[in-house]
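# Structural features, examined
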Amino acid sequence: MHGRLPLTAQTHRRLVIKVGSAVLSGPQGRQHQLAIAAQVAALRAEGREVVLVSSGAQATGMQKLGLTEKPKSLPSKRALAAVGQPTLMLLWEQAFSWYDLKVAQILLTAEDLAHRHRYLNARQTLETLLAWGIVPIINENDTVMVEEIKFGDNDQLSALIASLVGADLLILLSDIEALYDADPRTHPEAQPIPYVERVDAEVLRMAGDSPNQVGTGGMKSKLLAAEKAQAAGIPTLLLPGTRPQSIAEALRGEPVGTLFAGGQRRYSGRKLWLYQLPKPQGELVVDAGAARALRQGGASLLPAGILEVRGQFGVGEAVKCLDEQGNLIGVGLVNYSAAELSRIKRRKTRDIEAILGYKNTDEAIHRDYFALASELE
Ligand code: GLU
């Protein structure tokens with residue numbers, strides 16, 4: 001048995017707890033929800049702060065509309081989330097009212113968090129709610145989701161939120177109880193792994209790729225979330241959400257579920273945020289001088305150094321910077337859209353205004369919003 005240490009209110013004060021759809025749906029769903037609210041209330045009474053990330057809008061929408069099968073089309077899924085989200089929140093509100101706790105709803109998209117000022121605004125809102133003693137409940141804003149740039153699932157969102165609020169611990173409550181060393185359905189001898197020091201390639205392999213195995217699609221996304229949290233120095237607990245008291249047990253140091261160590265904080269501030277950004281939407285090919293200045297000089301990227309603009313992107317979005325040989329230099333946020341950069345590439349800074357009729361900034365990408373490939377590995 002692995003001797004896991006207690007995660008006390010002194011050392012692990014601010015928690016992000018993510019609740020999966022499977023935990024909240026089904027005949028036991030409401031019981032689980034009430035029991036989770038009880039756990040959160042107990043954590044708060046210990047002096048901890050809790051941010052909830054709750055899935056279940058679409059599942060609740062299905063129940064309300066009496067659907068037995070989830071629709072396939074994106075517009076239907078978006079609409080289903082719109083039907084289910086208010087009820088999901090109402091149920092949370094009722095559950096927390098037993099403990100005199102108030103809740104707040106926050107709906108976010110990946111795009112929101114990709115914009116630095118929206119990211120900072122979201123953080124301020126969360127900080128304010130926590131200071132007011134309210135339990136923020138976050139879900140992905142499925143009503144406007146775009147498949148390619150969605151968070152993927154709320155596991156990833158919860159890892160981003162954990163670093164956004166500087167959480168001391170991320171808890172994933174799922175119908176998956178723990179990480180196993182093999183698929184427990186096909187390998188009855190499979191053992192749960194109580195502690196993972198580092199989420200590396202070997203650990204990720206344990207999850208497999210097929211969405212139908214245990215330790216699978218679902219597990220992979222848990223591991224990717226744990227990896228993201230680990231990069232921010234935040235430990236992750238994967239616990240059986242069908243047994244919410246497992247939260248208290250795990251915090252006491254009992255080896256329930258799987259604890260992924262927080263490890264060394266690899267990134268902070270803007271670099272962390274760049275590392276966690278959704279996939280860059282475009283590419284800029286830069287000349288040798290700009291490549292050198294970005295790699296060695298700690299410089300910003302000026303329009304003059306840009307040879308080619310690929311893809312469609314707007315101001316504030318993430319793009320890859322490539323050298324002429326096609327090697328990745330790094331990722332940054334652009335101050336101009338693809339259309340604007342196509343017009344001002346290879347041109348001197350002093351000409352920008354004459355060409356566009358205005359100038360946002362001298363730099364196409366400011367250094368503060370750029371991270372080298374080596375920094376993002
Ligand atoms: N945002 C989705 C919902 O609330 C999450 C679905 C899921 O990850 O299970 O339905």
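Every value quoted in this text rests on a predicted model; they were computed, and no experiment measured them.

What follows covers the site of the ligand. If you check the shell around the ligand, you find S21, S55, G56, A57, Q58, N139, D142 and N154 and nothing else. Between the ligand and the protein, one listed contact pairs an oxygen atom with a backbone N or O atom of G56 at 3.0 Å. Between D142 and the ligand, the recorded distance is 2.7 Å, taken from a side-chain N or O atom to a nitrogen atom.

According to UniProt, the feature "binding site: substrate" (unreviewed entry) maps to S55, D142 and N154 in the numbering used here. A maximum C-alpha distance of 10.7 Å is found for the annotated residues, which run over 100 residues; spatially they form one tight group. Considering the arrangement of structural elements, one finds D142 in the loop between strand 4 (135–140) and helix 7 (154–164). On the basis of relative accessible area, D142 is assigned to the buried category, the value being 8%.

Where strands meet in a sheet, backbone hydrogen bonds hold them as pairs that are either parallel or antiparallel. Pairing within the open sheet is mixed, and its 5 strands lie in the order 10-9-11-12-13. For this open sheet the edge positions go to strand 10 (306–310) and strand 13 (365–372), each flanked by a neighbour on one side alone. Direction aside, the axes of adjacent strands within the sheet are offset by 30° on average. Bridging between strand 9 (residues 282–286) and strand 10 involves 4 bridges; their strand directions are antiparallel. Paired with L284 across the strands is V309, a residue of strand 10. Its contacts with the sheet put helix 12 (residues 288–295) on strand 9, strand 11 (318–322), strand 12 (328–334) and strand 13, and the angle it makes with strand 13 is roughly 75°.

Conventions and cut-offs
- Residues numbered from 1 in each chain as written.
- Predicted model: local features only at pLDDT ≥ 70, side-chain atom pairs only at ≥ 80, totals over all residues.
- Heavy atoms only, no water.
- Near = heavy atom within 4 Å.
- Polar contact = N/O pair within 3.5 Å; in protein donor to acceptor, adjacent residues only side chain to side chain.
- UniProt positions renumbered as here; feature names shortened; annotations may be inferred.
- Helix = DSSP H or I, 4+ residues; strand = E, 2+ residues; numbered from the N terminus.
- Buried < 20%, exposed > 50% of the residue type's maximum accessible area, 1.4 Å probe, protein only.
- Pairing = 2+ DSSP bridges.
- Axes fitted to C-alpha atoms, helices over the stretch in contact; angles between N-to-C directions.
- Contact = heavy atoms within 4.5 Å.

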